[in-house]
Amino acid sequence: MAAISASTYPAAGVSPFSQRRATSSYGGIRNLSRILAVSTERGGRGTGFGENGKHEKQKLNQKVVKEESEVKPNIYANPEKIPEFEEDKKWLKDYFEECKEMIRSDGGPPRWFSPLECSSSTSPDCPLLLFLPGIDGTGLGLIMHHHKLGKMFNVWCLHIPVQDRTPFNELVKIVERTVRSENYRSPNRPIYLAGESIGACLAISVAARNPDMDLVLVLSNPATSFSQSQLQPLIPLLEMMPDQFPINLPYILSLATSNPLRVLMDNVVKRGPLPQIIGELSQDLATMSSYLPVLADIVPRQTLLWKLNLLKSGSACGNSCLHAVKAQLLILCSGRDQLLPSQEESQRLQKALPDCEIRMFEESGHFLFLEDNVDLVTIIKGASFYRRGKHFDCASDFMPPTSSEFKKLHDSISWVLTATSPVMLSTLEDGKVVRGLVGIPSEGPVLFVGYHMLMGFEVIPLVAQIMMERNILVRGIAHPAMFVRVKDRRPPEPELSDFDVIRVMGAVPVSAANLYKLMSSKSHALLYPGGVREALHRKGEEYKLFWPDKSEFVRMAARFGAKIIPFGVVGEDDFAEIILDYNDLMKIPWRREEIERVTSRTAKLRTDASGEIANQQMHIPWVLPKFPGRFYYYFGKPILTEEMKVELREKKKCDEMYLHIKSEVEGCIDFLKNKREKDPYRNLLSRVLYQASHPGSTSAFHLPSFDL
């Protein structure tokens, strides 16, 4: 069994883009008693939903599932028309409006509340996510993510009132009581702790005190670096300055960033034409200036002094117990954090913690979760950090990409689609070859088996078009290098974050167990038996199959009665020419050492194989781009294994079927190589001229080609 190559998808284009949308304040603000649902005064049992609530949620979810099964619209059909953000998303304006209401009812100790927009769609089996706030303490730091988090998590937020003076160690106990209570209630389900700055220190401290508990930490710009920040010297300054001196949170932000509205301006500038930018910027500047007094109310002078001391004690506590942390960590790091040295701190924490990953946001500031271009749900999914049980299950834990996530992917690869103008052909059950993908079965399990072009470039248009045309998500079976973090990574070893997009799109590491899960869940899976050896082939090996001798996948597909679709694809020789292949690179001493080092640090596949297929050295061939031609795909007639379940239990029959599938793939390639010679629009220039003479009449996927 083999995998998609390690260079299948580009890393860019998954994060949501910046966009302003006028929105009214959420109606639930008037019902503050419902927002602040549970106080920590109620103890352990009070932190969970009541039985009546659970039953009501189950009924609601059953109703939603029933409605979705009756009508299944294709949400991916027209990416250009998909809004960049979901309709119920909240914005920075909503954060300030709800903060006003939160600080008005400010009595009492720290407490938990569940945002109303999260509770309506949460399934009873979703894991618990506890949000631990940063310096503002309101608990509304994830307000722009509630609409999506509520579909995956049972979300609870910690609210620390403005006048509250609970010391750090007591805050740790409050969170710990809740964590232990919920762990006792659902011992087989993970508990997520999402914290920013001081909240990250809280999460680390709780995790260190409970090393045997299944905790997942998502930390944004942890304040464990407080001793190295420019905030620490402010503590004696605040203590010495008279009360009349205007030091509060807005003033501190202006000192720290030199321009407190820089992020706002950056986000607006990314959005569109100049007149639109000017209008939106003027509107946002006026709105932002009106909310500056709210910041002063959220963290007034005395509270700011208390919070800075809280940061100091929290940082010391978190650093002192790092050695005891066994939890799974995902650190989100801002490249323009002017309050804390977050980049250096994330690297330090990754070295100190055994199971820690980093995601860098080069253009973001300290308050990461309040920026339009940050999508926490997509980040968690891309890092494979979402699970409902003890271990990640590629079938039951997978959450399909939302329409907005697919739009970001489509926008990022639009140049690929334009340059390749893919021609898609499929085969009906009667053997007739037709344009489009109508020959692909809608119901799974389906196993696509085909040829892996150079660098795996063919996967991008393949997955995108099947989603747009057939509303089918094809889940790739990929090389483990895309999923395993390498300690002390050195170039040219890729960052694990480079492959986040393929995990969002449903790729899984190659293994018999994962193929079993995909087939048993009736998925559409994509398998390349040639694997890395085929995708990183040598000069003159275009369209040559490098399949192992063993019929690895046939018996598994037959076990579940899967439909096997052999397919071929051609066009790599129309886009690039290999100038230095593996044989050439191995003759260069420093490149040979590099290849051997990277290969030795990569997961080994087919260790029992011999010959060409076992020689899967991890390298990147040097290529010379060509004036673009075109990609051609041909999906052969589906092979129905349901009728051959019994006979395919025999090894001989499996081997025969395996060779038949391989022959079909080779036949598809030969068919395309012959047909493309008759395509008048094979060259990019001819396609551009056609589109210029037929404006708006056709997309890159539907340009004319050869006659069938």
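Residues numbered from 1 in each chain as written. Predicted model: local features only at pLDDT ≥ 70, side-chain atom pairs only at ≥ 80, totals over all residues. Heavy atoms only, no water.

Caption draft 1: Expanded view of the overall build of the protein chain. Scanning the protein chain from terminus to terminus reveals 25 helices and 19 strands. In the protein chain, buried positions account for 57% of the 708 residues. Residue pairs in contact within the protein chain that sit at least 24 positions apart in sequence constitute 84% of those at least 6 positions apart. (Helix = DSSP H or I, 4+ residues; strand = E, 2+ residues; numbered from the N terminus. Buried < 20%, exposed > 50% of the residue type's maximum accessible area, 1.4 Å probe, protein only. Contact = heavy atoms within 4.5 Å.)

Caption draft 2: Structural view of helix H12 (residues 301-320). In this model H12 runs 29 Å from its N-terminal to its C-terminal C-alpha over 20 residues, within 8% of the 28 Å that 1.5 Å per residue would give. Of the positions making up H12, those classed as buried are Arg301, Thr303, Leu304, Leu305, Lys307, Leu308, Leu310, Leu311, Gly314, Ser315 and Gly318. (Expected span 1.5 Å × (residues − 1).)

Caption draft 3: Region of interest: the state of the cysteines. This structure, assessed with the given rule, holds 0 disulfides. Cysteine 321 supplies the cysteine sulfur nearest to cysteine 317, a cysteine that is in no disulfide, at a spacing of 5.0 Å. Cysteine 321 sits in the buried class, given a relative accessible area of 13%. (Disulfide = S-S within 2.5 Å.)

Caption draft 4: How the structure looks around the nonpolar core. The biggest cluster of nonpolar side chains holds 94 residues, and the ones touching the most others in it are Leu129, Phe153, Val179, Leu193, Leu215, Leu217 and Leu332. In terms of residues, this core owes the most to one element, helix H7 (residues 198-209), which gives 9 residues. Among the nonpolar cores identified, the runner-up in size contains 81 residues, and Met424, Ala464, Met468 and Leu526 belong to it. (Core = buried A, V, L, I, M, F, W, Y, C linked by side-chain atoms within 4.5 Å.)

Caption draft 5: Inspection of the environment of phenylalanine 448 at higher detail. Relative to the helices and strands, phenylalanine 448 resides in strand E11 (residues 446-450). Residues phenylalanine 448 and proline 638, spaced 190 residues apart in sequence, show a C-alpha to C-alpha distance of 9.2 Å. If near-sequence neighbours (up to four positions away) are discounted, phenylalanine 448 is found in contact with Ile440, Ile466, Val474, His524, Ala525, Leu526, Leu527, Ile565, Phe567 and Phe635.

Caption draft 6: Spatial organisation of the packing of helix H6 (residues 168-185) against H7. Orientation of H6 relative to H7, taken along the N-to-C sense of each, is 60°, at an axis distance of 9 Å. The angle between H6 and H7 falls in the class oblique. Between H6 and H7 lies a crossing of right-handed hand. Residues Phe168, Leu171, Val172, Lys173, Val175, Glu176, Val179 and Arg180 of H6 pack against Ile198, Cys201, Leu202, Ser205, Val206 and Arg209 of H7. (Axes fitted to C-alpha atoms, helices over the stretch in contact; angles between N-to-C directions. Parallel < 35°, antiparallel > 145°, perpendicular 65-115°, else oblique. Left-handed = near helix turned anticlockwise from the far one by under 90°.)

Caption draft 7: Region of the structure containing the pattern of salt bridges. Taken as a whole and assessed by the stated rule, the structure comprises 29 salt bridges. Taking the shortest distance from any N to any O, the salt bridge between lysine 148 and glutamate 405 comes out at 3.4 Å. Here glutamate 405 lies in helix H15 (residues 403-412) and lysine 148 lies in helix H5 (residues 146-149), a separation of 257 residues in the sequence. One salt bridge connects glutamate 594 with arginine 591, and the closest N-O pair in it is separated by 2.5 Å. With glutamate 594 and arginine 591 both in helix H23 (residues 589-600), this residue pair falls 3 residues apart, about one helical turn. Considered together, glutamate 594 and arginine 591 belong to a single accessibility category, that of buried residues. Within this structure, Asp573, Asp574, Arg676, Glu677 and Arg682 form a network of salt bridges that share partners. (Salt bridge = Lys/Arg side-chain N within 4 Å of Asp/Glu carboxyl O.)

Caption draft 8: Inspection of the packing of aromatic side chains at higher detail. Applying the stated rule across the entire model yields 18 aromatic pairs. With 5.2 Å between their ring centres and 70° between their planes, tyrosine 76 and phenylalanine 406 make a pair best called edge-to-face. A residue pair is termed long-range when its members are at least 10 positions apart, and tyrosine 76 in the loop between helix H2 (51-70) and helix H3 (92-104) and phenylalanine 406 in helix H15 qualify at 330 residues. With a relative accessible area of 1%, phenylalanine 406 lands in the buried category. (Phe/Tyr/Trp six-rings, centres within 6.5 Å; stacked < 30°, edge-to-face > 60°.)

Caption draft 9: How the structure looks around unusual backbone geometry. Here the bond from glycine 444 into proline 445 is cis, since omega is 5°, no more than 30 degrees from zero. In this fold, proline 445 is placed in the loop between strand E10 (433-435) and E11. The phi dihedral of lysine 522 falls on the positive side, at around 60°, and the residue is not glycine. In this fold, lysine 522 is placed in the loop between helix H19 (512-520) and strand E14 (524-527). With phi around 65°, tyrosine 543 is a residue other than glycine that occupies positive phi space. Examined against the element boundaries, tyrosine 543 turns out to sit in the loop between helix H20 (531-535) and helix H21 (554-559).

Caption draft 10: Just the confidence of the model for the protein chain, in detail. Across the protein chain, pLDDT averages 81, with 79% of residues at or above 70. A low-confidence stretch, residues 254-285 (pLDDT under 50), is modelled with 39 contacts involving residues beyond four sequence positions or located in other chains. (pLDDT = per-residue confidence, 0-100.)

Caption draft 11: Local environment of the pairing of strand E4 (residues 154-159). Burial analysis of E4 places 6 of its 6 residues in the buried class, the great majority of the element. By the alternation rule, side chains of E4 split into Asn154, Trp156 and Leu158 and Val155, Cys157 and His159, which are all buried. Two elements, strand E2 (residues 111-113) and E4, share 3 bridges in a ladder whose sense is antiparallel. Bridge assignment links tryptophan 112 to a residue of E4, and that residue is leucine 158. One ladder, built from 4 bridges, connects strand E3 (residues 128-132) with E4; its direction is parallel. Directly across from leucine 128, in E4, lies its bridge partner asparagine 154. (Pairing = 2+ DSSP bridges.)

Caption draft 12: Broad picture of the pairing of strand E18 (residues 632-635). The alternating pattern of E18 places Tyr632 and Tyr634 on one face and Tyr633 and Phe635 on the opposite face, and all of these are buried. By the bridge criterion, 4 bridges tie strand E15 (residues 563-570) to E18 in an arrangement that is antiparallel. Considered in E18, the bridge of glycine 568 is made with tyrosine 634.

Caption draft 13: How the structure looks around the environment of isoleucine 564. Examined against the element boundaries, isoleucine 564 turns out to sit in strand E15. You can call isoleucine 564 buried: its relative accessible area is 0%. As a C-alpha pair, isoleucine 564 and threonine 641 span 77 residues in sequence and 7.5 Å in three-dimensional space. If we ignore the near neighbours within four places in the chain, the residues touching isoleucine 564 are Leu447, Val449, Phe553, Ala557, Lys637, Pro638, Ile639, Thr641 and Ile661.

Caption draft 14: Quick peek at helix H17 (residues 459-470). Here H17 is 12 residues long and its end C-alpha atoms lie 16 Å apart, about the 16 Å a rise of 1.5 Å per residue gives. Counted residue by residue, H17 has 11 buried out of 12 residues, so it is predominantly covered. All buried positions along H17 are accounted for by Val459, Ile460, Pro461, Leu462, Val463, Ala464, Gln465, Ile466, Met467, Met468 and Arg470. One or two steps after H17, the chain reaches asparagine 471, where phi turns positive at roughly 60°.

Caption draft 15: How the structure looks around the environment of leucine 149. For leucine 149, the location among the structural elements is in helix H5. Leucine 149 gets classed as buried once you look at its relative accessible area, which sits at 0%. Between the C-alpha atom of leucine 149 and that of threonine 378, which follows or precedes it by 229 residues, the distance is 9.9 Å. If we ignore the near neighbours within four places in the chain, the residues touching leucine 149 are Leu129, Leu142, Val155, Leu376 and Val377.

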